[in-house]
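Take a look at the letters that make up each chain.
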Amino acid sequence: MTDHNAELDAALERVVEAARAHLAAVKAAAGRIDDDDVWQAYVDLNNASYAYDEKLLDAFGEVTPWDVEAIDPDQADERFAQISGGADGAGADPYPQVVSVRQRRDYRVPSVTALLRVAETARRSSVPDDEDAGPVESVGEAVLELLQAGDGSLASLDVPELEPLDGLLTVTEVTEPLDLEAFDDADGSGPFAPVEGDLLVGRLDEHPFLPDEDDHDHHDHAGHQH
């Protein structure tokens, strides 16, 4: 029994030392994420606690409140490298492709006059009071004005003056990111046209919600996979 006591005392002392070392590492890291010293001290504290718990169970059939499992230090190093990416980025997992999300939604215009009026109101709110905002003269200009007022969000077109029709959204993996300088300002289709090497991951079909339809008809997010 004396030998058991001595082993337990030594194991408990290792827990205390490991706890102090862990606290010191945490303080030194000062909140730094994925700090290697903190991780190593955590592994040491975990394994010291596990060893003490095992010795206490063997000697007296008692357990501690610590629910821990032993951690292999070598595997712990590999796991930390994968999580943190290392100091120089080693172990990072960058995705080789660029993911492109493209959306189209169509609208019917029940009243051109009403649409121009709401667009002019949006335009006036974006210019100083002492400046002439000028009229909105076309349907396309009106839609563009609403989009500009809403920072480009399609949600800014959720107005009674526009009746939503079908739309779709596609997710594509492309080899190169969009280069706006490669397209003329008047080219509205080129930036959206697929090129060789693009891979269509899938598409979501959107149908407009009508008040007299059931909720499940709101969106047909079919997600056609390719």
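See above for the structure.
Sequence order sets the numbering: in each chain, residues are counted from 1 along the sequence as written. Reporting of local features is limited, given that this is a predicted model, to residues whose pLDDT is at least 70; pairs of side-chain atoms are given and counted only at 80 or more, and all residues count toward the totals for whole chains, interfaces and linings. With hydrogens and water excluded, all non-hydrogen atoms of the structure serve as input to the side-chain values.

Chemist: Can you lay out the pairing of strand 2 (residues 163-174) for me, pointing to particular residues and giving the numbers?
Modeler: Inspection of the sheet shows strand 1 (residues 98-108) paired to strand 2 by 10 bridges, in the antiparallel sense. Among the inter-strand pairings, Arg-104 is bridged to a residue of strand 2, identified as Leu-168. A pair of strands is considered paired only if DSSP assigns at least 2 bridges between the two. Strands here are runs of E lasting at least two residues and helices are runs of H or I lasting at least four, both read from the DSSP assignment and numbered beginning at the N terminus. Judged from the seven bridges that link them, strand 2 and strand 3 (residues 199-206) form a sheet pairing that is antiparallel. Across the sheet, residue Thr-172 finds its bridge partner in strand 3, namely Leu-200.

Chemist: Explain the side chain of Asp-53 to me, using residue names and the numbers behind them.
Modeler: Mapped onto the fold, Asp-53 is located in helix 2 (residues 36-60). Only protein chains enter the accessibility calculation, which uses a 1.4 Å probe; a residue is then buried when its area is under 20% of its type maximum, exposed when over 50%, and partly exposed in between. Charge counting follows a simple rule: Lys and Arg are positive, Asp and Glu are negative, and His as well as the terminal groups are ignored. What makes a salt bridge here is a side-chain nitrogen of Lys or Arg within 4 Å of a carboxyl oxygen of Asp or Glu, nothing more. Although Asp-53 is buried, it forms no salt bridge, and the closest oppositely charged side chain is Lys-55 at an N-O distance of 12 Å. The residues touching Asp-53, leaving out its near neighbours within four places in the chain, are Glu-62, Val-63, Thr-64 and Trp-66. We call two residues in contact when some of their heavy atoms are within 4.5 Å.

Chemist: Any details on a negative patch on the surface? Residues and values, ideally.
Modeler: Exposure above 30% relative accessible area and the absence of a salt bridge qualify a residue for a patch, where like charges join within 9 Å and nonpolar side chains (Val, Leu, Ile, Met, Phe, Trp, Tyr) within 5 Å. All accessibility values rest on the Shrake-Rupley procedure with a 1.4 Å probe; residue burial counts only the protein chains present in the view. Charge positions come from single atoms, namely NZ of Lys, CZ of Arg, CG of Asp or CD of Glu. A contiguous patch of negative charge, built from Asp-179, Glu-181, Asp-184 and Asp-185, is present on the exposed surface. Along the chain, Asp-184 turns up in the loop between strand 2 and strand 3. Note on Asp-184: relative accessible area 56%, which makes it exposed.

Chemist: Provide a residue-level description of the nonpolar core, including the pertinent values.
Modeler: Of all hydrophobic cores here, the largest spans 12 residues; its members are Tyr-107, Leu-115, Leu-116, Ala-119, Ala-122, Val-136, Ala-142, Leu-146, Leu-147, Leu-157, Val-159 and Leu-162. Going through the elements one at a time, helix 4 (112-124) and helix 5 (139-149) are the ones with two or more residues in this core. Element by element, the count of residues in this core is highest for helix 4, at four residues. Beyond its immediate chain neighbours, meaning those up to four positions away, Leu-146 contacts Leu-115, Val-118, Ala-119, Ala-122, Ser-156, Leu-157, Val-159 and Leu-162. Joining through side-chain atoms within 4.5 Å is the link that ties buried Ala, Val, Leu, Ile, Met, Phe, Trp, Tyr and Cys residues into a set, and such a set is a nonpolar core. The next biggest cluster of nonpolar side chains, apart from the first, holds nine residues, and it includes Leu-8, Val-15, Leu-56 and Ala-59.

Chemist: With reference to specific residues and values, describe the packing of helix 4 against helix 5.
Modeler: Fitted lines through C-alpha atoms give the axes, limited to the stretch in contact for helices. The angle between two N-to-C directions lies from 0 to 180 degrees. Where helix 4 contacts helix 5, the two axes come as close as 9 Å, and the packing angle between them is 35°. The two elements helix 4 and helix 5 cross, and the hand of that crossing is left-handed. Where helix 4 abuts helix 5, its residues Val-112, Leu-115, Leu-116, Val-118, Ala-119, Ala-122 and Arg-123 lie against Val-139, Glu-141, Ala-142, Val-143, Glu-145, Leu-146 and Ala-149. Here the contact of helix 4 with helix 5 is composed, by residue class, of 11 nonpolar, no polar and three charged. Two helices crossing with the near one rotated counterclockwise from the far one by less than a right angle form a left-handed crossing, whereas a clockwise rotation gives a right-handed crossing. Amino acids are sorted into nonpolar (Ala, Val, Leu, Ile, Met, Phe, Trp, Tyr, Cys and Pro), charged (Asp, Glu, Lys and Arg) and polar (every other residue, Gly among them).

Chemist: Break down the pattern of salt bridges for me, with residues and values.
Modeler: Taken as a whole and assessed by the stated rule, the structure comprises eight salt bridges. A salt bridge links Asp-198 to Arg-102; the shortest N-O distance between them is 4.0 Å. In this pair, Asp-198 is assigned in the loop between strand 2 and strand 3 and Arg-102 in strand 1, connecting sequence segments 96 residues apart. Just as Asp-198 is buried, Arg-102 falls in that class too.

Chemist: Describe in detail the packing of aromatic side chains, supporting the description with residues and values.
Modeler: Each Phe, Tyr or Trp ring (for Trp, its six-membered ring) is paired with any other whose centre lies within 6.5 Å, and the angle between the two planes then decides the class: stacked below 30 degrees, edge-to-face above 60, tilted in between. In total, this model carries two aromatic pairs according to the counting rule given. An angle of 15° between the planes, with centres 5.7 Å apart, marks the rings of Trp-39 and Tyr-42 as stacked. Of this pair, Trp-39 and Tyr-42 both sit in helix 2, three residues apart, roughly one helical turn. Using a relative accessible area of 14% as the deciding quantity, one classes Trp-39 as buried. Under the relative-accessibility criterion, Tyr-42 is labelled partly exposed at 40%.

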